[in-house]
Amino acid sequence: MEDIELLFFVLMLLFVIAAFLIYLIMFIISLLDDISIAIFNRPIFVHLCLFPKEISEEEQFILRQKFASYKKLNHKQKKYFHHRLAVFNKTYQFIPRVISK
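Residues numbered from 1 in each chain as written. Predicted model: local features only at pLDDT ≥ 70, side-chain atom pairs only at ≥ 80, totals over all residues. Heavy atoms only, no water.

Chemist: Help me out: how do you make sense of the packing of aromatic side chains in this one?
Modeler: The description of two aromatic rings rests on the distance between their centres and on the angle between their planes. Applying the stated criterion to the full structure yields two aromatic pairs. Between tyrosine 70 and phenylalanine 81, the aromatic rings sit 6.1 Å apart at their centres with planes inclined by 50 degrees, giving tilted as the arrangement. Taken together, the positions of tyrosine 70 in helix α3 (residues 68-71) and phenylalanine 81 in helix α4 (residues 75-91) put the pair 11 residues apart, joining distant regions of the chain. Taking the relative accessible area as the measure of exposure, phenylalanine 81 reaches 33% and is therefore partly exposed. (Phe/Tyr/Trp six-rings, centres within 6.5 Å; stacked < 30°, edge-to-face > 60°. Helix = DSSP H or I, 4+ residues; strand = E, 2+ residues; numbered from the N terminus. Buried < 20%, exposed > 50% of the residue type's maximum accessible area, 1.4 Å probe, protein only.)

Chemist: In this structure, what is going on with the environment of isoleucine 55? I would like to understand it.
Modeler: Here isoleucine 55 is to be found in the loop between α1 (2-40) and α2 (57-66). Judged by relative accessible area, which is 8%, isoleucine 55 ranks as buried. Counting along the chain gives 21 residues from isoleucine 55 to aspartate 34, while the straight-line C-alpha distance between them is 33 Å. If sequence neighbours within four positions are ignored, isoleucine 55 has contacts with Gln60, Leu63, His82, Leu85 and Ala86. (Contact = heavy atoms within 4.5 Å.)

Chemist: What is the right way to read the side chain of aspartate 33 from this model?
Modeler: Its location among the elements puts aspartate 33 in helix α1. With no salt bridge to any partner, buried aspartate 33 finds its closest opposite charge in arginine 42, at an N-O distance of 8.9 Å. Only 2.7 Å separates the side chain of aspartate 33 from the backbone nitrogen of isoleucine 44, close enough to count as a polar contact. Beyond its immediate sequence surroundings of up to four residues, aspartate 33 is in contact with Pro43, Ile44 and Phe45. (Lys, Arg positive; Asp, Glu negative; His and termini not counted. Salt bridge = Lys/Arg side-chain N within 4 Å of Asp/Glu carboxyl O. Polar contact = N/O pair within 3.5 Å; in protein donor to acceptor, adjacent residues only side chain to side chain.)

So this is what it looks like as structure tokens:
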């Protein structure tokens, strides 16, 4: 019985320590971001995306051909735009308008 109580105590202690470390890391990142805003007038992470989603080559081709503003984006901005577009496409159904000539 004492072994189970000791194991439970150790697991809870590890959980509390892990939660504290995560909180501490988040606090330090937030503090660095605030310092960056104060000094450079811009945040460190504007759009943090650890696992960006991708769009198809056909969609990229359409963007390159039809949208001049897309061509002006740098590689990092394009990657984030692809992610936002992929999430939008997954979330919402796109129904194109029928344009009669």
